[in-house]
Structure formats: C-alpha cells, structure tokens
Amino acid sequence: MNKTVPELANRWLGLEPENLSEPERRVLQSAVDRQPVSQNINDSLAGAQNAGDRIADAIARVGGSWTFILSFIAFLTLWIGANWWFLGRASFDPYPFIFLNLVLSMIAALQAPVIMMSQNRQAARDRIDAAHDYEVNLKAEIEIMALHEKLDELRHSQIIGMRDEIARMAEQVKRIDEILSKQRTRS
C-alpha cells in the first residue's frame, strides 16, 4: 500500500492532492496512519450545549409528546367545563373563552420559536452526522480498495509462481521425453 496522501488520492479517488476536500484529506491521512475515523459525535456535541439549548430541547421534547397533548386536552376540557357548567354565570372566563384564547396564543407564541431553535440545532447535528458518515463510508471504501489491491497482488504472484512451476515441470517432462526417446532408439 502506498504511504502518502497524494499517492492515495491519485490511486483511489482519481484526484490531484490540491483538489481534495478537507474530509477526504483527513480520511486519506487516517488510511496512511492506519487510524480509525469513526468517533462518537454525541460526546463532542453534548459539551457544546449551554443551559438555553438544554431548556429548548427539553421543551421541544415535552411539547412534542403524547403525554403533553393528552394533558393539554385534559386541561382544556377542565377549563371549559369549569367555566361553562360548574361556575355558570359567575364563571371566570365565560364563553367564548377569550382569556383561554389569550393564554393559548401566548403559549404558542413562546413554544414555536423554542421548538424551532431545537429543530435548528437538530438539523445542525444531522449535518455533522452526515459529514461524519461520509468520512466513515469513504474510509471503508478505501480500505476495501486496498484489500482488493492486496488480493490482486497476491493472486498475481501466485499465478507467476505457478507459471514458473509449470515451465519447470514442462522442462522436466521434455528431458524425460528426450531420455525415453534415446532409450527407444537404442533398443
């Protein structure tokens, strides 16, 4: 196997070294160094979150769950029931529940940007994961090509060895045939 990044770039990727992207250069260098490129992205990203990020993720996790949806339906049912049936004319928020609409609008106004922040972070994490997956896949392809190359070299050397052995055996058969021919002519 070649030992330099430019040689590997030409051989396996068909690229000149100056045309390599940074991930491709990193993968080829790891192939030269015989080092893995895989790593746990979650470990490196977990330490990069601040308190606001963790709160936004928690709100998005809770706000997107069936528990929250069912609990909120129960809350709305209790609110409407308490204001319509139980309290009658002395209700806190009579029909058409204007205060409830205000509360729901404020919750939606706050919850939507928080969920979008969490989704943006998840999209960034997905892009990092995709880039890392590309590097791992490229490294796997390079290693497979290296194995094929080694197998081809091994097969070629075996064929050369067998050819030489056949030539040696053919020479022996020829000598034996000459000896037998001489013996037949003498008899």
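Since we're looking at a predicted model, the values are computed, not measured. (Residues numbered from 1 in each chain as written. Predicted model: local features only at pLDDT ≥ 70, side-chain atom pairs only at ≥ 80, totals over all residues. Heavy atoms only, no water.)

(A) Fine view of unusual backbone geometry. One non-glycine residue, Arg34, lies in the positive phi region at around 55°. Relative to the assigned elements, Arg34 resides in the loop between α2 (22–33) and α3 (41–46). Backbone geometry places Phe97, a non-glycine residue, at a positive phi of 55°. (Helix = DSSP H or I, 4+ residues; strand = E, 2+ residues; numbered from the N terminus.)

(B) Structural context of the side chain of Asp57. Mapping Asp57 onto the fold places it in helix α4 (residues 51–63). When residues no more than four places from it in sequence are discounted, the contact partners of Asp57 are Gln49, Ser118 and Arg121. (Contact = heavy atoms within 4.5 Å.)

(C) Looking closely at the environment of Trp79. Considering the arrangement of structural elements, one finds Trp79 in helix α5 (residues 66–86). It is 8.7 Å that separates the C-alpha atoms of Trp79 and Asp93, two residues lying 14 residues apart in sequence. Contact partners of Trp79, with chain neighbours within four places excluded, come to Phe92, Asp93, Phe97, Phe99 and Leu100.

(D) Examining the nonpolar core more closely. Among the nonpolar cores identified, the biggest contains 13 residues, and Val5, Leu8, Trp12, Leu20, Val27, Leu28 and Ile142 are the most heavily contacted of them. Ignoring sequence-local partners within four residues, the contact set of Leu28 consists of Val5, Leu8, Ala9, Leu13, Leu20 and Ile142. (Core = buried A, V, L, I, M, F, W, Y, C linked by side-chain atoms within 4.5 Å. Buried < 20%, exposed > 50% of the residue type's maximum accessible area, 1.4 Å probe, protein only.)

(E) Broad picture of the side chain of Glu135. Tracing the backbone through its elements, the reader meets Glu135 in helix α6 (residues 98–186). Once residues within four sequence positions are removed from consideration, Glu135 is found in contact with Pro23, Arg26, Val27 and Val37.

(F) A look at the packing of aromatic side chains. Following the criterion strictly, the structure yields 6 aromatic pairs and no others. A centroid spacing of 6.0 Å and a plane angle of 25° characterise the contact between Trp79 and Phe99, whose relative ring orientation is stacked. Here the residue Trp79 occupies a position in helix α5, and Phe99 occupies one in helix α6, the gap between them amounting to 20 residues. You can call Trp79 buried: its relative accessible area is 17%. Taken together, the ring pairs connect Phe68, Phe72, Phe75, Trp79, Phe92 and Phe99 into an aromatic cluster. (Phe/Tyr/Trp six-rings, centres within 6.5 Å; stacked < 30°, edge-to-face > 60°.)

(G) Highlighting the packing of helix α1 (residues 5–13) against α6. Viewed as axis vectors pointing N to C, α1 and α6 meet at an angle of 85°, and their least axial separation amounts to 11 Å. With respect to each other, α1 and α6 are oriented roughly perpendicular. Across from Arg11, Trp12 and Leu13 in α1, the residues of α6 making contact are Leu138, Ile142, Met145, Ala146 and Glu149. In terms of residue class, the contact of α1 with α6 is built from 6 nonpolar, no polar and 2 charged. (Axes fitted to C-alpha atoms, helices over the stretch in contact; angles between N-to-C directions. Parallel < 35°, antiparallel > 145°, perpendicular 65-115°, else oblique. Nonpolar A, V, L, I, M, F, W, Y, C, P; charged D, E, K, R; others polar.)

(H) Up close: α1. Along α1, the residues that are buried comprise Val5, Leu8, Ala9 and Trp12. For α1, the angular spread of the buried residues around the axis is 105°, confining them to a single face. A positive backbone phi angle near 65° is found at Gly14, which sits one or two residues after α1. (Arc of directions from axis to C-beta.)

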